[in-house]
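Descriptive structure summary
Each chain, written out:
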Amino acid sequence: MYINGSWREGDAHFAVHNPATGELLAQVAESTPEDVKAAIAAADAAFNHWSETTVYERSALLYKAYELMLAEKQELAHLMTTEQGKPLRAALNEVQYAADFLLWFAEEAKRVGGRNIPSVRAEQRFMVLQQPVGVVAAITPWNYPISMLTRKLAPALAAGCTVVLKPAESTPLCAIAVFKLLEKAGFPAGVINLVTTSTPAFVGELFCTDKRIKKLTFTGSTWVGKHLNSLAAQHMKRVSMELGGHAPAIVCADADPHHAAKGLGLVKFLNAGQACISPNRIFVHRSIYVSFLETMVDRTKKLIAGNGLQTEISIGPLINEAAVIKLERQVEDAVAKGARLLCGGKRLTGPTFDAGHFFAPTVLADVTEQMDIYYEETFGPIAAVLAFDTEEEVTQRANDTDYGLAAYIYTQQFSLAHRLMEKLNFGIIGINDINPTSAAAPFGGMNASGLGREGAEEGIQEYLETKLCGYLI
Ligand code: ADP
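Quick notes on the rules
Residues numbered from 1 in each chain as written. Predicted model: local features only at pLDDT ≥ 70, side-chain atom pairs only at ≥ 80, totals over all residues. Heavy atoms only, no water. Helix = DSSP H or I, 4+ residues; strand = E, 2+ residues; numbered from the N terminus. Rg over C-alpha atoms; globule rule 2.2 N^0.38 Å. Buried < 20%, exposed > 50% of the residue type's maximum accessible area, 1.4 Å probe, protein only. Contact = heavy atoms within 4.5 Å. Areas by Shrake-Rupley, 256 points an atom, 1.4 Å probe, with all protein chains shown as cover. Lys, Arg positive; Asp, Glu negative; His and termini not counted. Charge placed at Lys NZ, Arg CZ, Asp CG, Glu CD. Pairing = 2+ DSSP bridges. Axes fitted to C-alpha atoms, helices over the stretch in contact; angles between N-to-C directions. Core = buried A, V, L, I, M, F, W, Y, C linked by side-chain atoms within 4.5 Å. Parallel < 35°, antiparallel > 145°, perpendicular 65-115°, else oblique. Left-handed = near helix turned anticlockwise from the far one by under 90°. Nonpolar A, V, L, I, M, F, W, Y, C, P; charged D, E, K, R; others polar. UniProt positions renumbered as here; feature names shortened; annotations may be inferred. 1 Å grid on protein atoms, 1.4 Å probe; cavity = no way out; pocket = protein on both sides within 12 Å on 5 of 7 lines; lining within 4 Å. Points joined across faces, edges and corners; volume = space filled by probe spheres on them. Near = heavy atom within 4 Å. Polar contact = N/O pair within 3.5 Å; in protein donor to acceptor, adjacent residues only side chain to side chain.

1. With respect to the overall build of the protein
Of regular secondary structure, the protein possesses 15 helices and 20 strands. Relative to a compact globule of 473 residues, whose C-alpha radius of gyration would be 23 Å, the protein shows 23 Å and is just as compact. Over its C-alpha atoms, taken along the principal directions, the protein stretches across nearly 70 × 60 × 40 Å. Relative to its full complement of 473 residues, the protein shows a buried share of 55%. Pairs at least 24 apart in sequence give 74% of the contacts found in the protein among residues at least 6 apart. With an accessible surface of roughly 19100 Å², the protein has 55% of that area assigned to carbon and sulfur atoms. If you average the places of the 42 positive and of the 51 negative side-chain charges in the protein, the two averages end up 4 Å apart.

Dropping the structure here:
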């Protein structure tokens, strides 16, 4: 734990394991309610001073953290692969993405201005101030265990907020490494606080009920997000919620099926499918369905699963056993209801895999609305593919989900792309682009995928309160 500028060991501990090998990596402090309250008190005590620093001071510290993160890129990526499982190359990309948020918000800190509004009364003026909301509580997930921290910490700190952060229980070591780096950058005591635990519910409850916390920012599953949002609502706290997704991908008749299959294969199997923007239902126009599947299966079979520290590995393990069991259930359900299993479909076994949590990269064809996978987030390496015939049909089916985070479209027709872009109810749309994300662009979802946006100029607004001052001169 990192509380009020010092590291605390704690009396009790929980184990952190490598998901590829089962190896015990470390024992991490199990925070008590008193520790969490101490962290909130430290953040509260530090707020006045921190919020009164100039934006140039805050920007300089964030920029320093950015430089340190780039300097420690290799070590951080190595730790991430060991703790979370993604291949080293993907971990390096994530550290770069994480650093991008530090840089972006080091710059954005200087652009919080407020505004003046003219009045109908000659002697009246309106001024709008934007001020930091106060102490921020952050809860982060394990799938992107460094970038999801900086995506919250950087805008909160840039805005002048102080923070208490609780990382996921599977990946606290990445969080500790980020906090060591921020400590080295020189953030004052109390401004950033870290509490670790393997039993997160009590922390969520303290975050939502403590008067000193003014804002909760959460990234994780929809059901935990809904639970925290309802708790936070009872105390009228502001929230940002980045929740689950069930992204459709639409491959139109004019698209090159091989190019689309390559692209969607890449994004589908990225992070072993453990991403909220992972395509979950791939709709392919019937005229190119067979060619698309051929390439998709061919590419999927070439993926090499294993320990991400080895250079030839293109897909790592799942985070835990529960994730493997969920995928086994989804495949079994789909096949029983008529899906064609074209490759994979089972856990990987053998000396390389038995100690970890591996699932074979899988392609399921002819998926229908009757199958669990059609509505339920997969969060694993299963490409669920189905054919469609008309634009109207695919638009309706793509929108047939409670989620609304990401969607993908492959077409060269501008007007078709534009129509789909307007009709699809998703917060992020990739058109011939499997990576429509950047620290400079607003990330977030609609409906059950959450509230608010992260990154871009919207990202800092989430941590600002608006104050109207009307006055007579
Ligand atoms: P996943 O199922 O992908 O692990 P979760 O929503 O369970 O997603 O986890 C995301 C984050 O939410 C993690 O930091 C986890 O510890 C935290 N979390 C899970 N349950 C609760 C809860 N009841 N209150 C607060 N945080 C929680």
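2. Description of the side chain of Ser-278
Take Ser-278: it is sitting in the loop between helix H9 (257-269) and strand E13 (279-285). You can call Ser-278 buried: its relative accessible area is 3%.

3. Focus on the sheet that holds strand E5 (residues 115-118)
Spatial ordering of the open sheet is given by E5-E6-E20, a layout of 3 strands whose pairing is antiparallel. The two strands at the open ends of the sheet, each matched to only one other strand, are E5 and strand E20 (464-472). Neighbour-to-neighbour, the strand axes of this sheet turn through a mean angle of 25°, independent of strand direction. Both E5 and strand E6 (residues 124-132) contribute to a ladder of 4 bridges, which runs antiparallel. Of the residues in E6, the one forming a bridge with Pro-118 is Arg-125.

4. Some points on the environment of Leu-318
Residue position: Leu-318 is located in the loop between helix H10 (289-301) and helix H11 (321-336). In this structure, the C-alpha to C-alpha distance between Leu-318 and Phe-379, residues 61 residues apart in sequence, is 9.0 Å. The contact partners of Leu-318, leaving out residues within four places of it in the chain, are Pro-19, Ala-272, Gln-274, Ala-323, Val-324, Leu-327, His-357, Phe-359, Phe-379, Gly-380 and Pro-381.

5. Re the nonpolar core
By size, the foremost hydrophobic cluster in this structure holds 128 residues, and its most contacted members are Met-69, Leu-153, Phe-187, Leu-264 and Phe-292. Excluding its chain neighbours within four sequence positions, the residues that come into contact with Leu-153 are Val-163, Leu-165, Val-178, Phe-179, Leu-182 and Ile-192. Core analysis: the next-biggest nonpolar cluster, separate from the first, contains 25 residues, Val-203, Leu-216, Val-239 and Met-241 among them.

6. Describing the packing of helix H2 (residues 55-71) against helix H5 (residues 147-159)
Interhelical geometry of H2 versus H5 gives an angle of 155° and a closest axis separation of 8 Å. With respect to H5, the axis of H2 lies roughly antiparallel. Here the hand of the crossing between H2 and H5 comes out right-handed. Along the contact surface, H2 presents Arg-58, Leu-62 and Met-69, while H5 presents Thr-150, Ala-154, Leu-157, Ala-158 and Ala-159. Along the lines of polarity and charge, the residues of the contact of H2 with H5 split into 6 nonpolar, 1 polar and 1 charged.

7. Regarding the UniProt feature "domain: Aldehyde dehydrogenase" (unreviewed entry) in the protein
UniProt feature "domain: Aldehyde dehydrogenase" (unreviewed entry): in the numbering of this structure it lies at residues 7-467. Helix makes up 41% of residues 7-467 and strand 20%, whereas the separation of the span's terminal C-alpha atoms amounts to 36 Å.

8. Some details on the layout of surface pockets
Empty space within the second largest pocket amounts to approximately 230 Å³. Every residue lining the second largest pocket is counted, 16 residues in all, and those nearest its centre are Arg-58, Gln-130, Gln-131, Pro-132 and Ala-159. For the lining of the second largest pocket, the element with the highest residue contribution is E6, accounting for 4 residues. Tallied by class, the residues present in the lining of the second largest pocket amount to 8 nonpolar, 6 polar and 2 charged.

9. Overview of the site of the ligand
Taken together, 16 residues sit near the ligand, with Thr-140, Trp-142, Lys-166, Glu-169 and Ser-221 positioned nearest. One of the side-chain nitrogen or oxygen atoms of Trp-142 is found 2.9 Å away from an oxygen atom of the ligand. One of the side-chain nitrogen or oxygen atoms of Ser-221 is found 2.6 Å away from an oxygen atom of the ligand. In isolation the ligand offers 550 Å² of accessible surface; the protein chains occlude 78% of this area. For the shell around the ligand, the elements supplying multiple residues, two or more each, are helix H7 (201-209), strand E10 (213-219) and helix H8 (222-234). Among the residues making up the shell around the ligand, the classes are represented as 9 nonpolar, 5 polar and 2 charged.

10. Topic: the sheet that holds strand E12 (residues 247-251)
Strands in a sheet are paired, the pairing made by backbone hydrogen bonds, and the direction either parallel or antiparallel. Spatial ordering of the open sheet is given by E14-E15-E16-E13-E12-E17-E18, a layout of 7 strands whose pairing is mixed. Of all the strands in the sheet, just strand E14 (340-343) and strand E18 (428-431) have a single pairing partner and so form its edges. The mean inter-strand angle of the sheet, taken between neighbouring strand axes irrespective of direction, is 20°. Against the sheet, H9 makes contact with E12, E13, strand E15 (362-365), strand E16 (382-388) and strand E17 (406-410), and its axis sits at roughly 160° relative to E17, the strand it touches most. Running over the sheet, H10 touches E12, E13, E14, E15 and E16 and is turned about 50° from E14.

11. Points about empty space enclosed by the protein
Overall, the coordinates contain 2 cavities of 30 Å³ or more when judged by the stated rule. By volume, the largest cavity is sized at about 40 Å³. Considering the residues around the largest cavity, the lining is formed by Ser-240, Met-241, Glu-242, Phe-443, Gly-444, Leu-451, Gly-452, Arg-453, Glu-454 and Glu-462. The greatest single-element share of the lining of the largest cavity, amounting to 3 residues, is contributed by strand E11 (residues 238-242). For the lining of the largest cavity, a count of residues per class yields 3 nonpolar, 3 polar and 4 charged. Space inside the second largest cavity adds up to approximately 30 Å³.

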